[in-house]
Amino acid sequence: VYTNSQEATYYELPAWEEFAGAMTSMALAECGGTVTLQTKVGSAAAPDPFTYQSSVDMTTATTSAQFRSGTFDIATPGGAPQTVTITPQDFTDLGRYEPAGWSCKSGGAAYPFTTAPVADHAPWTSITLTVLANKAVSCTQQVAFL
C-alpha cells in the first residue's frame, strides 16, 4: 500500500494492480484533500448555476447542468486536518429553488458534517466539515423546484 507519495516510485511497482493506488496517493498528496460538490434536483444535476464559496481561501466553485460538479482543493499544511465551511452564494438567481438537504461521502461511506443557516438567506444552509490530508470528500446539496 502506497501512502507516502514522496517516496513511492510510481513506474517501478512490483505489480501492475498497485498502480492505481499509487497514482491516487500522488494526486491526493499534491492537493492535501478535496471537496467535490454537486447540486441535484432528485437524481439529476440542477439545471441552473449554483455557486459555493470555501472559507479556507474564499475561492468559489459553480455547479450546473453543464458542469455537474465543482471542486475545492484544501491545503493541509504538514498533514494537519483543515476545517472548511462551504456556503452557497448568489441567491438572487435561486428564487425558483428551495434547499432539500445535504449529504457527504468519502470512499463510499457517509462523511460527517454540520449545517448552519446562511445569514439573511433562510432556509439556505452552509456545511462545515473537517478535511484530512489525502482525503477526497464528495458533498451533494439536494434542491427542489418551488
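Predicted model, so just to flag it, every value in this text is computed and none were measured.

Concerning the overall build of the protein
Working step 1: Scanning the protein from N- to C-terminus turns up one helix and eleven strands.
Working step 2: Seen in sequence order, the protein has helices and strands lined up from the N terminus as α-β-β-β-β-β-β-β-β-β-β-β.
Working step 3: Taking as baseline every contact in the protein between residues at least 6 positions apart, the subset at least 24 positions apart corresponds to 63%.
Working step 4: Just so you have it, the protein exposes about 8300 Å², and 53% of that area is on carbon and sulfur atoms.

A short note on the packing of aromatic side chains
Working step 1: Under the defined criterion, the tally for this structure stands at five aromatic pairs.
Working step 2: Plain terms: the ring middles of Y52 and W102 are 5.9 Å apart, the flat faces sit at 70° to each other, and that makes the pair edge-to-face. A residue pair is termed long-range when its members are at least 10 positions apart, and Y52 in strand β3 (residues 50-54) and W102 in strand β7 (residues 97-106) qualify at 50 residues. Accessibility assignment for this pair places Y52 and W102 in one class, buried.
Working step 3: These aromatic residues form a ring-pair network of at least three members: F50, F91, Y97, W124 and F145.

What to know about the nonpolar core
One broad trend across soluble globular proteins is that nonpolar side chains are buried collectively.
Working step 1: Within the largest apolar cluster, 24 residues are counted, with the highest numbers of intra-cluster contacts made by V35, L37, F50, I86, W124, L129 and C139.
Working step 2: Elements with a contribution of two residues or more to this core: β1 (33-41), β3, β5 (69-74), β6 (82-89), β7, β10 (125-131) and β11 (135-145).

Quick notes on unusual backbone geometry
Working step 1: Note the cis peptide between A122 and P123, where omega equals 10°.
Working step 2: By secondary structure assignment, the location of P123 is in the loop between β9 (114-117) and β10.
Working step 3: A positive phi angle is found at N134, which is not glycine, with a value near 60°.
Working step 4: Tracing the sequence through the fold places N134 in the loop between β10 and β11.

A look at the environment of Q66
Working step 1: Locating Q66 in the fold gives a position in the loop between β4 (60-63) and β5.
Working step 2: Given the relative accessible area of 65%, Q66 is considered exposed.
Working step 3: Separated by 19 residues in sequence, Q66 and P47 place their C-alpha atoms 7.8 Å apart.

Overview of the pairing of β5
Working step 1: Where burial is concerned, the two faces of β5 differ: the one with G70, F72 and I74 is buried and the one with S69, T71 and D73 is not.
Working step 2: Relative to β5, β1 is paired through six bridges, and the arrangement is antiparallel. The partner of Q38 across the bridge, within β5, is S69.

Comments concerning the side chain of T39
Working step 1: In this structure, T39 sits in strand β1.
Working step 2: We classify T39 as buried; its relative accessible area is 2%.
Working step 3: Looking at T39, its side chain comes within polar contact range of the side chain of T63, at 2.7 Å.
Working step 4: The contacts of T39, once residues within four sequence positions are left out, are A44, A45, A46, F50, Y52, T63, R68, Q141 and V143.

About the cut-offs
By convention here, each chain's residues receive numbers from 1 onward along its written sequence. Where local features are concerned, this predicted model is filtered to residues with pLDDT of at least 70; where side-chain atom pairs are given and counted, the filter is 80 or more; whole-chain, interface and lining totals use all residues. Computation of side-chain values covers all heavy atoms of the structure but excludes hydrogens and water. Helix and strand definitions follow DSSP, with helices as H or I runs of at least four residues and strands as E runs of at least two, each counted in order from the N terminus. Contact between two residues is taken to exist if any of their heavy atoms lie within 4.5 Å; hydrogens are not considered. Residue exposure ignores everything except the shown protein chains as possible cover, and the areas themselves are Shrake-Rupley values with a 1.4 Å probe. Pairing of aromatic side chains requires ring centres within 6.5 Å, counting the rings of Phe and Tyr and the six-membered ring of Trp. Pairs whose planes differ by under 30 degrees are stacked, by over 60 edge-to-face, and all others tilted. Burial status follows relative accessibility: with a 1.4 Å probe on protein chains alone, a residue under 20% of its type maximum counts as buried, one over 50% as exposed, and anything between as partly exposed. In these notes, a set of buried Ala, Val, Leu, Ile, Met, Phe, Trp, Tyr and Cys residues joined through side-chain atoms within 4.5 Å is what counts as a nonpolar core. Strands are treated as partners if at least two bridges between them are detected by DSSP. Polar contacts, as counted here, are pairs of nitrogen or oxygen atoms within 3.5 Å of one another; within protein the pair requires one atom able to donate a hydrogen and one able to accept it, and residues that are adjacent in sequence qualify only if both atoms are side-chain atoms.

On their own, these measurements won't tell you what the molecule is for.
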